[in-house]
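# Coordinates in review
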Amino acid sequence: MAKMIDSILKYYLMKQIDHLETKIAFLSEYQPILIEGKKAILTSKLEKLAFKQKHQLLPYAIQAGKIDDYLKEAKAFEIKKVEEKFFWSHRALKQSLKRNQNQAAYDASLASITSKKDENIITIEAKYAASSNLQEAIQAYELVVSNQKNEFDQLKTRLEKNYDVFATNKKQLLETKLSKLNDKLQTTMKQFHRFKSADNQLESMIEPDTLLKLDNLSMHFGGLKAVDELSFSVKKGEIFGLIGPNGAGKTTVFNCITRFYKATSGQIYYRNHLNEPLNLNQFVVHNVIKEGIVRTFQNVELIWELPILENLLVAGHTLYRTGFIGQLFNSRRIKREEMIMRQKALKILSDLGLLAYQYSYPIGLPYGILKKIELARTLMVNPQLIILDEPAAGLNDAETNNLAHTIKKIRDDYQATIFLVEHDMGLVMEICDTVCAISFGKKLAIGTPKEIQSSKVVREAYLGGE
Amino acid sequence: MLYTVNRHLERKAKLHQVMHHPYFGFFVLGFLLLLVQIIRISGVNIPTTVLRGLGLTMIYIIIALGFSILLGYAGLASLGTAGFVGIGTYLIGYLTNAKGLSVSMILVIGFLGAIAIGTIVGFISLRIEGLYLGIITLGLSEILNEVFKNATAITNGTNGLLMNRIVLFGQYYQFNSNTIFIAIVFILIFVMILTLNIMKSPTGRAMLAMRNSESAAQAMGVSVLKYRLLAFIIATVYAFLGGILYMTYIGFSIPTTWNLAFSLFVLAAVIVGGSQSILGVVLGTFMIFGLDLAVFQQIPLFQENPAITFILNGVLIVVVVMFYPGGLARLITNLKYKITSLSKKLMKKWKAFKYGEDD
Amino acid sequence: MFNETKFWNTFIIIIASLVVVYALLDIIVLRKLPKRSKNQNILINILLGLGLLSIMILLIKSLGMFLFLQTILDKVLSISVLALATTGIVLIFKTSMTTNFAQGSMATFGAFVAARYIIYLTSTTTLTEIQKVFLAIIASSIVAFLLGILIDVFIIRKAKYVTSIGKQMITMGLVLVISGIIPIIFGVLPLTIPRLSYEIVPLTIFGQSLTIPRHSIYAFYITMIVLVVLFTALRFTKWGLGVRATASNETVAKMMGVNTRIITAMSWAIAGALGGIASVLAAPLGGQVTTGLMVSYQVNGFMASILGGFSSFGGPLVGAILIPLLQGLLSYFAFLWQNAIVYLIILLIVLAKPLGLFGKKIAKKV
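A brief look at the structure comes next. Owing to the predicted nature of the structure, the values given are computational and were not obtained by experimental measurement. (Residues numbered from 1 in each chain as written. Chains lettered and ligands numbered in written order. Predicted model: local features only at pLDDT ≥ 70, side-chain atom pairs only at ≥ 80, totals over all residues.)

## What about helix 2 (residues 24-41) of chain B?
End to end, helix 2 of chain B covers 25 Å across 18 residues, agreeing with the expected 26 Å (1.5 Å per residue, within 8%). One or two residues past the end of helix 2 of chain B sits B:Gly43, with phi positive at roughly 115 degrees. (Helix = DSSP H or I, 4+ residues; strand = E, 2+ residues; numbered from the N terminus. Expected span 1.5 Å × (residues − 1).)

## Comments concerning the packing of helix 5 (residues 103-124) of chain C against helix 6 (residues 129-156) of chain C
All names here are of chain C. For the pair helix 5 and helix 6, the least separation of the axes is 8 Å and the interaxial angle reads 140 degrees. Judged by the inter-axis angle, helix 5 sits oblique to helix 6. In the crossing of helix 5 with helix 6, the sense of the turn from one axis to the other is right-handed. Listed contacts from helix 6 to Met-106, Ala-107, Phe-109, Gly-110, Ala-111, Val-113, Ala-114, Tyr-117, Ile-118, Leu-121 and Thr-122 of helix 5 are Lys-132, Leu-135, Ala-136, Ile-137, Ala-139, Ser-140, Ser-141, Val-143, Ala-144, Leu-147 and Gly-148. For the contact of helix 5 with helix 6, a count of residues per class yields 16 nonpolar, five polar and one charged. (Axes fitted to C-alpha atoms, helices over the stretch in contact; angles between N-to-C directions. Parallel < 35°, antiparallel > 145°, perpendicular 65-115°, else oblique. Left-handed = near helix turned anticlockwise from the far one by under 90°. Contact = placed C-beta atoms within 7 Å. Nonpolar A, V, L, I, M, F, W, Y, C, P; charged D, E, K, R; others polar.)

## Notes on the interface of chain C and chain B
In this complex, chain C contributes 38 residues to the contact, which on the side of chain B involves 35 residues. Broken down by secondary-structure element, the contributors of at least two residues to the side of chain C that touches chain B are helix 7 (164-186), helix 12 (295-308) and helix 14 (338-352) of chain C. Take the side of chain C that touches chain B: its biggest share by element is 17 residues, from helix 7 of chain C. Counted by class, the side of chain C that touches chain B contains 29 nonpolar, eight polar and one charged residues.

## Focus: the nonpolar core
In terms of nonpolar packing, the biggest core is built from 286 residues, with B:Ala231, B:Ile317 and C:Ala114 touching the most fellow members. Examining the composition of this core, we find that 16 residues originate from one element, helix 11 (residues 224-250) of chain B, more than from any other. When near neighbours in sequence (up to four residues on either side) are disregarded, B:Ala231 contacts B:Ile69, B:Leu70, B:Tyr73, B:Ala74, B:Leu76 and B:Met207. (Core = buried A, V, L, I, M, F, W, Y, C linked by C-beta atoms within 7 Å. Buried ≥ 20, exposed ≤ 12 C-beta atoms within 10 Å, placed from the backbone.)

## Let's talk about the pairing of strand 3 (residues 239-243) of chain A
All names here are of chain A. In terms of burial, strand 3 is largely enclosed, as five of its five residues are buried. Where strand 3 and strand 8 (residues 417-421) come together, four bridges link them in parallel fashion. Its bridge partner lying in strand 8, Gly-241 is registered against Leu-420. As paired elements, strand 3 and strand 9 (residues 434-439) share four bridges and run parallel to each other. Across the sheet, residue Leu-242 finds its bridge partner in strand 9, namely Cys-436. (Pairing = 2+ DSSP bridges.)

## As for the sheet that holds strand 2 (residues 224-235) of chain A
Residue and element names in this part refer to chain A. Ordered in space as 2-1-4-5, the four strands form an open sheet in which the pairing is antiparallel. Of all strands in the sheet, those with a lone pairing partner are strand 2 and strand 5 (277-279), marking the two edges. Across the sheet, the axes of successive neighbouring strands diverge by a mean angle of 20 degrees, strand direction being ignored. Note that strand 1 (residues 210-221) and strand 4 (residues 265-271) share five bridges and pair antiparallel. Across the sheet, Leu-214 pairs through a bridge with Ile-268, a residue of strand 4. In the packing of helix 6 (residues 250-257) onto the sheet, the strands contacted are strand 1, strand 2 and strand 4, and the crossing angle to strand 2 comes to about 65 degrees.

## Things to note about the sheet that holds strand 8 of chain A
Residues and elements named next belong to chain A. Strand order across the open sheet formed by six strands is 6-7-8-3-9-10, with mixed pairing between neighbours. Taken across any chain shown, the strands that pair with only one partner, and hence form the sheet edges, are strand 6 (293-295) and strand 10 (442-447). Strand-to-strand, the axes of this sheet are offset by a mean angle of 15 degrees, without reference to chain direction.

## A short note on helix 9 (residues 332-351) of chain A
Owing to its 3.6 residues per turn, the α-helix brings residues three or four apart onto one side. Residue and element names in this part refer to chain A. For helix 9, spanning 20 residues, the distance from its first C-alpha to its last is 29 Å, which sits close to the expected 28 Å at 1.5 Å a residue. Residues Ile-334, Glu-337, Met-341, Ala-345, Ile-348 and Leu-349 constitute the buried set of helix 9. Down the axis of helix 9, the sector holding all buried residues measures 105 degrees, keeping them to one side. For helix 9, exposure combined with an orientation more than 90 degrees from the buried face picks out Arg-332, Lys-335, Lys-347 and Ser-350. Next to the buried residues of helix 9 lie helix 7 (308-315), helix 8 (324-328) and helix 10 (367-378). Directly after helix 9, the chain includes Gly-353, whose backbone phi takes a positive value near 70 degrees. (Arc of directions from axis to C-beta.)

Remember that the coordinates give geometry; whether it matters functionally is a separate question.
Given below as C-alpha cells:
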C-alpha cells in the first residue's frame, strides 16, 4: 500500500515538474515577443503621425513656397498619373488607327487628348507653384511646423515612456514569476529526488555519462531472432552509428527503443533531462517523446495533408498545455501558445535553410528536402536523443554532404545526442564518434570508426567469410 | 493625394480582413437563413415544406459536422450516426413528456449522456482496426434500433413518440416551429465556429496526423486511442444535439427514421461535400438532404419515385470517392482558381485588342 | 416449462464470473509472468470457450432437449443462408481488402430477378414448383454473378488508388444505388418466391420426435454442395491459389504473374452468385421479396465475420453457425431482444479478442 501511494506521489511530482518546466519555457519565450510587439506598435504609431502631419502641412507649404521633398513627390505622382492616362489613350488611338485607317479622326482625337493632358499638367503645376512669398504665409507655415514638431515630440516621449514602463514592468514581473517558479521547481525536484533515491537499483544500472543503454535486448518474430542479446551504450553528446548488412535488425532496435515493438526480453535504460534513470520498457509508444527521444523514419513519414510549418507544429504537439476546452473556444492561451510554437518552428526552419518551404505541402518536394524536414521536425521538442533511420537513403552525394553538415550542426547547436542507422559508410565514418556493427541481431564490434574499418569480423560480415 | 490614397487602402484592407475572417462565411450563411424567416414575416407565403426542409437541413448540417470530424480528421467511417441521433430524440421526448424537465436540464443531461455513450461505444468500437469500425457501428445501430422498437415504455415503440412543445421561462413562452427555426440558425452558427476551432487547433492537426500516418503520429506523441475516442465523442455529442433539435423542431420520432439509410445519407453528405471543410459539409448536406427536402419533394417525378434520390446519392458517393476525393469544397476552390485565371487571360486579350500588342 | 428470471440470473452470473476470473488471474498470475500477452491470449481463449460451453449447457438445461434440438433444426435454413452470405463477404475481403456492404443488395437484386423469372416460367411453361425454383436459383446466381463482375470491372478496379475505407464507402454508395434501382426496374408490386417444398419431415434424434421443413433440408444440401465446391476450388485450383496469393500481398502476387484482375473480378462474381443463391433460399421466409430482404443477413454476415475473424474462411463460418443458433435459442427468453443480446455478446467477445475468435495478428512494419 505504501508503495502504491509512493508511486502515485511520484507520478504527481513528475507531472508537476513537467508542468513547471513548460511554464517557465513559455514565459521566457513569450515575454520578449510581447515586448517586441509593443515596440513595433510604437514605431508604427509614430510613422502614421508623421505621415498625417505632412499631409496637414501641405497647403501651408504651398502658400509659403517651401517645396520640400514630400511635395515634389506628390507633384510627380500626380503628373505621372496624367501622363499614364495619356499614354494609354494614345496607344488605344494608335490601335484604332491601325484598324480603321482613319487618319483624320486620329489626328483630331490626338490633338484633343494632348491639349487635355497639357491643361491638366498646367493646373497641377499651378497648384504646386509658390503662389506668394508673403511674410504672413511663411510665418503661418513656421508656426504650423513648430506646432507639429511639439505634437510629435510629445507623443513620442509619451509613447516611449509608456513602452519603458511596460518593458521594465514586464521584465520585473517575468523575473519574479520565473524566480518563484524556479523555487517551486527546486522544491518539487528535491521532493522528487527523495523518492528517487528510494529506488536506487535503476541508478546502478546506467552510468552517469551514458544516455542510453541496451542490456541484452532480444526481439523474436516467431522463430526469427531479429535482435539477439544485444547490449551497448550511447554516451551523452556523441553521434552514434549503428551499421550492419541488410536484415541485421537495425531498424528493429530502433523500433524497440521507441516502443513500436515490445521487446521479447532485455532492458533499455535511458537518462532523461532531469538526469533520472528510466527503464524504457515501461513506456507507451506515444510517451517516449515526452522524455526527449524523437525519431525519423526510413521512408519519409510526413503528414501530406498539412503544410510544412504545420507539420512541425504537429511535432510540438506534446508541448501544448491548453486543454481541449480551451482549444474549442480558441482561448487567449491557445492563441499565445500557437504564436510561440510558430516562432519556434520558423526559427528551426530558418536554421536548416527551409524557410522557403514553410507554406508548401510535402507532396512534390524533392526527397532530400523531405528528409531535412523530418529532421527539422525532431527538433521541435528540445530533444535529448534523436534517432535517425537511414537519413541518407535515396540522397545524392551533394545532398548527403549537406546532411552530414546539418547533423553535426544539430548536435552542436541543440546539444542533442544523435543515434543513427546508415548504409552510406562514407557518411558514418565521417560524422560518427562511435560505431557499432551488428549482424543477424548480434553485436560484432564496437569502437571508433577507424577501429571498425580495420575490424576483420565486420569485413567478413559484409563481404562474406573466408 | 497620397494621404487619401493611403486611407482608402487602409479601409479596403480592413474590409478585406473582415471578409476573409474565418467566421465570416458562417454569419453570411446564418443571415441568409434568417432572411427566409424575415421574408416570411414580411408577408410572402413560403410553403411550409420548404421551411421545414431548410430547418431539417440545418439540423443535419450539425450532425454532419460532427461526422466530418470523425471521417475527415480521425479517418473513421462510422455507421452509428442514426442510432445516436435517435437516442437524442427519445431522450428529450421522454424527459419532457414524462418527467417535465426544463430545457437547460435536458441539454446538460444530453451532453453528459452523449459523452458517456460516446466513450463506452468508442472504447468498444476502437478496439479493432479502422476498416471494421463500420461493421461494429452497424451492429450497434441495429441494437439501438431494436431498443427503439421494443422499449415501448420510453419510446412508444413502432408507433413513434410525440413530444409536447418546449416551454421556456415557466409557461410564459411557448416555442412554435418558426421561433425554433431561428434558434437553430444561431445554434448552427455557434456549432460551426466550434467545429472550425477544433479543425484548426492542435487537436485537429493531431487527428489529421493520425489519419495520414499512424506511426509518425505516435512517434510525435499523439495517443491514437485518445484522439480517436475524442473524435468519436465529438461526433456523438453533435449527433445528440442534432437529435434534440430534431425532436424540438419536428416533435415526432419513429424508429424507422433512424435506419441504415439515414447513416448512409449523412456519410454521403460529408463525402460529397468534402470531409475536411465546413463549407463542403454545408454544401454536401444541402445537396443530399436540402435539395430532396425543399426542392425535389415539390416535383412530381420525384414524388412518384422516391428511389431516384437514392440512386442520385449513391452515384454521387461512388463518383466523388473515386474521382474527386476532395468533394464539392475542392471543386469550388478549383473553380475559383480557374475563373480568376480565365478572367486574367480575358483581360490580357482585351488589352491587346484595345491598346495593341506590347513591343 | 422454464423459468425466465432464473435463466437470466444464471446467464448474468456466468458472464460476470468469467470476467471476474479473468481479472483476478490477470492481476494475480499473469502480471508476474514474463510473456504476458501470449498467456493472456491463451487465458482469454480458454475462458471464451468455457463461457460459450456453459451458456450452451445452460440453454439446454433450461429449455430441455426437445426445444433445443428443435431450435437447431428450425435454424438450419438461416444458418445455410448466412453461411453463403458470409463466405461471399470474406471472399471479397480477401481479394479487394474491403468490407462489401453491397453484398446483401447484390443478392436482393438476384432475388428480384428470380421472382420475375418464376412469374415468366409460370405463364409460359408447365414446370413443377420445385423445378421453377431451381431454375430461379440458377437465374438469380447468374444475374448476381454478372452484377459482381460489373461492379468490379467498372468501379472497384478503377478505384485502385482509393484507400480501404474509401472502397468501403463506395460499397455503401452502391447499397443506395442498387436499392434505388430495384423499385424502378421491378416495380413496387409485391413479388413472392415459393419454397422448394412445403412438406414437413418428421425426424427422431436422441429419442425426441422433431420436425424439419423439407425446404431447409434442400437449402442445407445446396449450401453444402456450393461451399464444398468452393473450398475445394480454393484449396486445389489455380484460381484458389491466386486468391490466397492476392489475399496475402496483392503487389507481390501481381509481380509473380498472378492475374489479380481476373482473380478479383471472379471473387466479386462468385460472391455475388453466393448471395444470389442465398437470397432465393431466404426469400420465402419473409413472404414477400422486398429491398430489405437481405439486410438482416448482411448485418449478421458481418457480425459472423467479425466474430470469427476476417483472416480465415473457417472462422466466419463458425460465426455463421453460432449467430442464428444463439438468436433462436434466446428467442424463448427474450423474443424481442434476441438480436440485441447476440450482438452485445459479440461486441463483448470483440472487446476481449479484437481480431475475432480465430483471427491471427499480422505484425506491421514501421
